[in-house]
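Summary of structural features
Single-letter residue listing:
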Amino acid sequence: PKMTTDGLEIPMYFKTVENHFHEFEVEDNLKIALLLPSMNEKARKVITRLSATQREDYEEVKKQVLREFKMTPRAYRMQFMESTKKATESWMQYASRLETILSYYMEGRSVVTIQKMTQLIVSDRMKDTMPYKLKEYILSKEGEEWLEPRVLAEAVDVYVSNVGEQMVNFKHKSGSSGNPNGNK
């Protein structure tokens, strides 16, 4: 298949390609050569910036292409949460797309057990319900990692004890908490 220029579709592209590689038992040393002709221009430019060793490693190439298209764990989660069935896709295709996005999200967060998945979902839910300023603070602490619920709760409690509950739930004159998403 041809690689789309829509960053949101890139994970499905890789999933399809990997299914073909598996089906035809493609050796690792051939994957990049087979991939190149179907890649879009932006992805090919990424490959030219890689070292010779990196260009031979399919997983590294995939990682760098996904990074170039800004497909971070947060982007996968957002894409998963906001996905709706497209008019042009069957329900089976929609289910497959959701599974692919979720698996990339879990992989990006290094989740390999049910316990870790549970912690991630709880952590995400906690952040979804935080006032905007508090969430902003926590996201800055997380960086590219994520905080497990107990660590997250501890960080929130320390922050709140230092700045005060009133500052965390600060309301503007309009009555909103300053959160563009409306979380209070």
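Quick note: structure is the one above.
Rules of the game
Residues numbered from 1 in each chain as written. Predicted model: local features only at pLDDT ≥ 70, side-chain atom pairs only at ≥ 80, totals over all residues. Heavy atoms only, no water. Phe/Tyr/Trp six-rings, centres within 6.5 Å; stacked < 30°, edge-to-face > 60°. Helix = DSSP H or I, 4+ residues; strand = E, 2+ residues; numbered from the N terminus. Buried < 20%, exposed > 50% of the residue type's maximum accessible area, 1.4 Å probe, protein only. Lys NZ or Arg CZ within 6 Å of the ring centre and 35° of its normal. Salt bridge = Lys/Arg side-chain N within 4 Å of Asp/Glu carboxyl O. Axes fitted to C-alpha atoms, helices over the stretch in contact; angles between N-to-C directions. Parallel < 35°, antiparallel > 145°, perpendicular 65-115°, else oblique. Left-handed = near helix turned anticlockwise from the far one by under 90°. Contact = heavy atoms within 4.5 Å. Nonpolar A, V, L, I, M, F, W, Y, C, P; charged D, E, K, R; others polar. Arc of directions from axis to C-beta. Polar contact = N/O pair within 3.5 Å; in protein donor to acceptor, adjacent residues only side chain to side chain.

1. Description of the packing of aromatic side chains
Following the criterion strictly, the structure yields six aromatic pairs and no others. On the basis of an interplanar angle of 80 degrees and a centroid distance of 5.7 Å, the ring pair of Phe 21 and Tyr 58 is categorised as edge-to-face. Here Phe 21 is found in helix H1 (residues 10-23), whereas its partner Tyr 58 is found in helix H5 (residues 58-68), with 37 residues between them in sequence. Take Phe 21: its relative accessible area is 9%, and that puts it in the buried class. Through pairs of rings, three or more aromatic residues link up here, namely Tyr 13, Phe 14, Phe 21 and Tyr 58. When the ring centre of Tyr 58 is taken as origin, the NZ or CZ atom of Lys 31, which lies over that ring, is 5.6 Å away. The ring of Trp 91 is capped by Lys 85, whose NZ or CZ atom sits 5.3 Å from the centre of that ring.

2. Some thoughts on the pattern of salt bridges
When their charged atoms lie close together, side chains carrying opposite charge are able to pair. Enumeration according to the criterion identifies 14 salt bridges in this entry. Two residues, Arg 49 and Glu 68, come together in a salt bridge whose shortest N-O distance is 2.7 Å. You can see Arg 49 sitting in the loop between helix H3 (41-48) and helix H4 (52-55) and its partner Glu 68 sitting in helix H5, a full 19 residues away along the chain. Relative accessible area serves as the criterion here: at 56%, Arg 49 is assigned to the exposed category. The class for Glu 68 is partly exposed, based on a relative accessible area of 26%.

3. Observations regarding the packing of H3 against H5
When two helices pack together, their arrangement is given by the angle between their axes and by how far apart the axes lie. The interhelical angle for the contact between H3 and H5, taken along N-to-C directions, is 125 degrees, at an axis separation of 9 Å. The angle between H3 and H5 places the two elements in the oblique class. Along this stretch, H3 crosses H5, giving a crossing that reads as right-handed. Note on element contacts: H5 touches H3 through Val 61, Gln 64, Val 65 and Glu 68, opposite Lys 42, Ala 43, Val 46 and Ile 47. A per-class count over the contact of H3 with H5 returns five nonpolar, one polar and two charged.

4. Examining H3
Since there are 3.6 residues in each turn of an α-helix, residues three or four apart along the chain are aligned in direction. Residues of H3 that are buried include every one of Ala 43, Val 46 and Ile 47, and no others. Buried residues along H3 cover an arc of 100 degrees about the axis, so they all sit on one side. Facing away from the buried side of H3 by over 90 degrees, the exposed positions are Glu 41 and Thr 48. For H3, the secondary structure elements touched by its buried residues are H4 and H5. Sitting at the head of H3, Asn 40 places a side-chain oxygen 3.1 Å from the backbone nitrogen of Lys 42.

5. Observations concerning the packing of helix H8 (residues 114-128) against helix H9 (residues 132-142)
Where H8 meets H9, the axes come as close as 9 Å, and the angle between the chain directions of the two elements is 140 degrees. For the element pair H8 / H9, the angle class is oblique. Counted together, Ser 123, Lys 127 and Asp 128 of H8 and Lys 135, Ile 138, Leu 139 and Glu 142 of H9 form the full contact between these two elements. When the residues that make up the contact of H8 with H9 are grouped by side-chain class, the tally is two nonpolar, one polar and four charged.

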